[in-house]
Every structure is written in C-alpha cells, then in structure tokens.
Amino acid sequence: MIEVKGLYKFFDNEPVLEDINIKFRPGNCSLIIGASGSGKTVLLKNIVGLYEPDKGDIFYNEHNFTKMTLSERKMFRKEMGMLFQGSALFDFATVEENVMFPMDFFTPWSKEEKLERVNFCLKRVNLENVNKLYPSQISGGMQKRVGIARAIALNPKYLFCDEPNSGLDPTTAIVIDHLLQEITQEYQITTVINTHDMNSVMEIGDHIGFIYKGKLLWEGNNEEIMHSECKEVNDFLFANNLARQIIKNR
Amino acid sequence: MRLLFQIAGEYYQLMLRVFKKPEKWSIFWRQFWKEGNKLMLASIPLISIISVFIGAVIVIQTANNIESPFIPKFYVGVMARESLVLEFCSTSIALILAGKIGSNISSEIGSMRITEQIDAMEIMGVNSANYLILPKVCASTLLSPFLMIVSFLLGLLGGGVIVALTGIITLAQYDEGLHFAFNEWFIYYSMIKMSLFCFIITSLASYYGYHAKGGSLGVGRSSTQAIVVSCTVILVFDLLLTKLLL
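The structure presented is a predicted model; accordingly, all values stated were derived computationally and were not measured. (Residues numbered from 1 in each chain as written. Chains lettered and ligands numbered in written order. Predicted model: local features only at pLDDT ≥ 70, side-chain atom pairs only at ≥ 80, totals over all residues.)

Caption draft 1: Representation of the overall build of chain B within the structure. For chain B, the helix and strand inventory stands at nine helices and zero strands. Reading chain B from its N terminus to its C terminus gives the helix and strand order α-α-α-α-α-α-α-α-α. Projected onto the principal axes, the alpha-carbon positions of chain B cover approximately 70 × 40 × 30 Å. In chain B, which comprises 246 residues, the proportion classed as buried is 44%. (Helix = DSSP H or I, 4+ residues; strand = E, 2+ residues; numbered from the N terminus. Buried ≥ 20, exposed ≤ 12 C-beta atoms within 10 Å, placed from the backbone.)

Caption draft 2: Fine view of the overall build of chain A. Helices and strands together make up the secondary structure of chain A, namely nine helices and 10 strands. The C-alpha atoms of chain A give a radius of gyration of 18 Å, which matches the 18 Å a tight globule of 250 residues would have. Along the longest, intermediate and shortest principal axes, the C-alpha atoms of chain A span 55 × 45 × 30 Å. The buried share among the 250 residues of chain A stands at 40%. (Rg over C-alpha atoms; globule rule 2.2 N^0.38 Å.)

Caption draft 3: The pairing of strand E3 (residues 29–33) of chain A, seen in detail. All names here are of chain A. With five of five residues buried, E3 lies mostly within the body of the structure. Neither face of E3 is open: one carries Cys29, Leu31 and Ile33, the other Ser30 and Ile32, and all of them are buried. Looking at chain direction, E3 and strand E8 (residues 190–195) are connected through five bridges and run parallel. Bridge pairing in E8 places Ile32 opposite Asn194. Of the pairings in the sheet, the one linking E3 to strand E9 (residues 207–212) comprises four bridges and is parallel in character. Pairing of Ser30 across the sheet is with His207, part of E9. (Pairing = 2+ DSSP bridges.)

Caption draft 4: Structural detail: the interface of chain B and chain A. Facing 13 residues of chain B, the contacting portion of chain A comprises 14 residues. No other element matches helix H5 (residues 117–124) of chain B, which puts six residues into the side of chain B that touches chain A. When grouped by side-chain class, the residues that make up the side of chain B that touches chain A number five nonpolar, three polar and five charged. (Contact = placed C-beta atoms within 7 Å. Nonpolar A, V, L, I, M, F, W, Y, C, P; charged D, E, K, R; others polar.)

Caption draft 5: Representation of the sheet that holds strand E10 (residues 215–220) of chain A. All names here are of chain A. Taken in spatial order, the six strands make up an open sheet running E6-E7-E8-E3-E9-E10, and their pairing is mixed. Looking at the sheet topology across the chains shown, the edges are occupied by strand E6 (80–83) and E10. Between one strand axis and the next, the sheet turns through 20 degrees on average, direction left out of account. Bridge count for strand E7 (residues 158–162) against E8 is five bridges, and the pairing is parallel. (Axes fitted to C-alpha atoms, helices over the stretch in contact; angles between N-to-C directions.)

Caption draft 6: The environment of A:Glu128, seen in detail. Residues and elements named next belong to chain A. Within the element layout of this structure, Glu128 appears in the loop between helix H4 (111–124) and helix H5 (140–151). Residue classification places Glu128 among the exposed positions, given that 9 C-beta atoms sit within 10 Å. Apart from residues no more than four positions distant in its own chain, Glu128 is found in contact with Leu122 and Lys123.

Caption draft 7: Quick look at the pairing of strand E2 (residues 14–24) of chain A. Two elements, strand E1 (residues 2–11) of chain A and E2(A), share seven bridges in a ladder whose sense is antiparallel. Bridge assignment links A:Ile2 to a residue of E2(A), and that residue is A:Phe24.

Caption draft 8: Summary view of the nonpolar core. With 128 residues, the main nonpolar core has A:Ile47, A:Met82, A:Val99, A:Ala149, A:Phe160, B:Ala94 and B:Ile201 as its most contacted residues. Apart from residues lying up to four places away in sequence, A:Ile47 is in contact with A:Ile2, A:Val4, A:Ile58, A:Phe160 and A:Val192. (Core = buried A, V, L, I, M, F, W, Y, C linked by C-beta atoms within 7 Å.)

Caption draft 9: Inspection of the sheet that holds strand E5 (residues 63–64) of chain A at higher detail. Residue and element names in this part refer to chain A. The four strands lie next to each other as E2-E1-E4-E5, forming an open sheet whose pairing is antiparallel. The two strands at the open ends of the sheet, each matched to only one other strand, are E2 and E5. Relative to the sheet, helix H1 (residues 40–48) contacts E1, E2 and strand E4 (55–60), its axis offset from that of E1 by approximately 120 degrees.

Caption draft 10: Just unusual backbone geometry, in detail. All names here are of chain A. Phi is positive for Asp12, close to 50 degrees, though the residue is something other than glycine. Mapped onto the secondary structure, Asp12 falls in the loop between E1 and E2. Of the residues examined, Asp12 has 5 C-beta atoms within 10 Å and is grouped as exposed. Unlike most non-glycine residues, Glu163 shows phi in positive territory, near 45 degrees. Residue position: Glu163 is located in the loop between E7 and helix H6 (170–187).

Caption draft 11: Quick peek at the packing of helix H4 (residues 75–114) of chain B against helix H8 (residues 185–210) of chain B. Residues and elements named next belong to chain B. With their axes 8 Å apart at the nearest point, H4 and H8 run at an angle of 20 degrees to one another. It follows that H4 is roughly parallel to H8 by the angle criterion. Between H4 and H8 lies a crossing of right-handed hand. Residues of the contact of H4 with H8, tallied by class, amount to 18 nonpolar, 10 polar and three charged. (Parallel < 35°, antiparallel > 145°, perpendicular 65-115°, else oblique. Left-handed = near helix turned anticlockwise from the far one by under 90°.)

Caption draft 12: The arrangement of helix H3 (residues 44–65) of chain B in detail. With 22 residues, H3(B) ought to run about 32 Å at 1.5 Å a step, and its terminal C-alpha atoms sit 31 Å apart, in line with that. Against H4 and helix H6 (128–166) of chain B lie the buried residues of H3(B). (Expected span 1.5 Å × (residues − 1).)

Set out below in structure tokens:
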C-alpha cells in the first residue's frame, strides 16, 4: 500500500500541491483525475521520488520513502515500474533490449533466462514478433504496451502510469486500460494512474481521487463518481455533450 | 556571476554521480567500447582529411615564408612537425571535436532528458548519469591520445605528399627536418592536452544535455552552449597547460 500524508509542493513559492492525503491499495487501479495543470503529474512525480515534497510524507508499506537515503531508495525502486506519457522507450535499444534493460542491471539471470522473461512480458501485453524492432518502427499503442512490458519486467509491487492513453485512439486506449487492470489484479500490484480520460474512469476506476487546483477535492470509485455532489467533479465529468447524454439516458 | 557558480555547482554534483562505481562492470565495458567506436573511431575520417590538408598547407606556407638563404631548407620539416605536434594535433583537433562530438553528446542526452528516458532510468533505480556519461568520458579521455597520434602522422604525411608533388624542398630535406632536434616530450605533452580537452568536451556536453529543458528548442540551445563553453574552456586550459608543461 502507498500512503501520502499531508503532502505540499511549491514551485517559485506558489503552491502546486496542498495537503494531499490519499491511500493507494494493492490490487486496485487508483486513478488520479483532474484538469490539465491541476497537479496530477507533480503528485505522481513526488510519489515516485522524481520530485522532493516540500512538506509531508509518502509511505510504501509503512516505510517512509521521503526519509530514505539514496541507496535505500535505490533498493526500493526495483519494486517500482512506470509507464510514461510518451512511453519513454530508449531510442538506442530494440523492443527486446528495452524490456531487458532493468534485468541487465538488477538480475543475475543468464541471457536465455532474460530472453524468456522478455518474451513472457511481451506476450502478456499481446505483442509478438516485434523483438528486433526499434521504438520508432512501431505504433504509439505498441510503444505503450512495450512500456508496460518493461515496467512489469521485474515483477514490481507498484506500477505508476502517467496519462497512459494520451495520443491513442479510443479502441487502443481501452485495450491499454484493460491490460493495466488485468495486470494489477493478476499480480496484486498497487497501480496509480494519472488520467483525464473519462473512458478510463468508467472502465477501471476502482479508486478515484479528483485533484482541483492542487487540492484533493473528492475520493471514491467509478460508481460513486456518477452521483458525486462536488460541483468541480461534476463540471469536470460532464464537460462534454457525450457524457451529459449518457447520464441523461441512464 | 551567480549563474557561473550555479553551473559550477551543478557540474560538480553531476560529476559526483558520474564517477560512482558502475552497477555492473560488464555493462560499463560494453558501453565503453560502443562509445569509443561512436565518438573516437567515427571521428577518424574527419580528423584524417583535416590533418592531411593542414599538414600540406603548413609546409607550403612555411616554405614560402623562409626567404633568408641562411635558414636551411630542412627547417620547413622542423616547423611543420612542431606546429602539428604542439598546437594543431591537440588544440585545433579538440576544437573541431568540440563541434562534432560535443553537439552529438549534448543533443543525444538532451533528447533523452526531454522525452523522459532519463526519468525512466531513475525510476528503475539505474544511476542514469553513471550509465550514460561515464563510458563517454572514459572512452574519449583514454582513446583520444591515439587520435592525436593519427592526426600527427597524417599531418606529416600530408606535408610529405605536397613536398613530393611540388618540389618546394626535397623529400630528404623534409625528412631531415622531421628528425632534427626532435623532443619526444612534445608528443606526450600533446597527448596529455588532447586527453584533458576530450574530458572537458564530453563532461561539459553531457552536463548541458543532462540539464536540457524546454523541448527541442532547449536541446538545440544546450548543444550550442556545450560547444561554446567547451571551446572557451579548452583555450583557457591550453594556455594553462602550455605554461605548466613546457
């Protein structure tokens, strides 16, 4: 479980995150939603340690991540996987080498064992026969799936995704969402997903946190969000005609 | 002034991260040879062409400027050798490399920074500075003296070819000049300079790439800064080393 307690983050003395308190549980897809610029990515980067919080603590299974030394964090990071908005696959490496990258560093496995794991991970994300291709030679959706394969290569306990559906067509986005949900449930991973894709909210939102101007305004699940009485949540959810129409038809 | 101290501090912090023991030596050596091939071996064609032509030009210019009958003709060879070994094969070649490999390194690392590839490594627990920069710095610092030797030999060859083709002096006179009052310390001096200059180029270019921000414009800006700063620092250290070592 990940627990964020009283988290504050300032940029140029301006608060970007204010008093964030939230828990993310294993086996759940936890979604952080909110408008662009609301502080979702800053929160995620604080949780994974790419930014240092100005105040507050982040606990991973009761271990205080913010108080850890660099070497302690390094040990912890081996249990984390992250899918970036732009996939962040290494340009210099093939798909196979990308997925193998964390194994090269942190496992004593032989080349054959690593290759077996690579093929397993790629098969798990429904990708085959792309091992020798470079990221530039595959589509955006395939790049996201390679990113997921790389993120799960070392059986992480925590999976973080920053806008996994950005730039994808709705069908591919749903495939990615379901894949993340399946992996989360299958391996009992604590998954935190940043998104403003309403499809994802409805499809996989086991737990949803709504961020508005740096504050956590609302928490619940994909059923509860439809009946939320928080004005900002409703404004966000029903910003487009399609969403309004769906609700009306219910 | 504040910016200068900030850059110096960030550079120092980065170098502390770079010069950590590699996670796995096998990965380091694989990267070392890869970078050696990409940064040094791949520079040989450019260095060769420039060295041959500059060697030839030095011989022609020196021969044309020696008008006094009291200066022996073989001094053309002496001048060509000294010009090449003392300044051209280290400093001038390093300035050329600052443009070639400096921009290559800063744009490569800068692109990785803005596309979050470096963040991805950090999340995995990989020391990205050590993995990306140490092999480049080590390969260029250790292999560049050989590049200096190649440049020196090809510069002398270029001079020899022009002597043979134009007959400004005889080949025997040129050869005598190359051997006259030869000080082997100058070769070591030039190799030391080249090695230090390549350290400056790779570490500064890596620094600017690693701290790139603001999209593709930021990557372009970091490349330009890397080249300008590297060239300036090379010239300052050229002066210092010449005063110290000669």
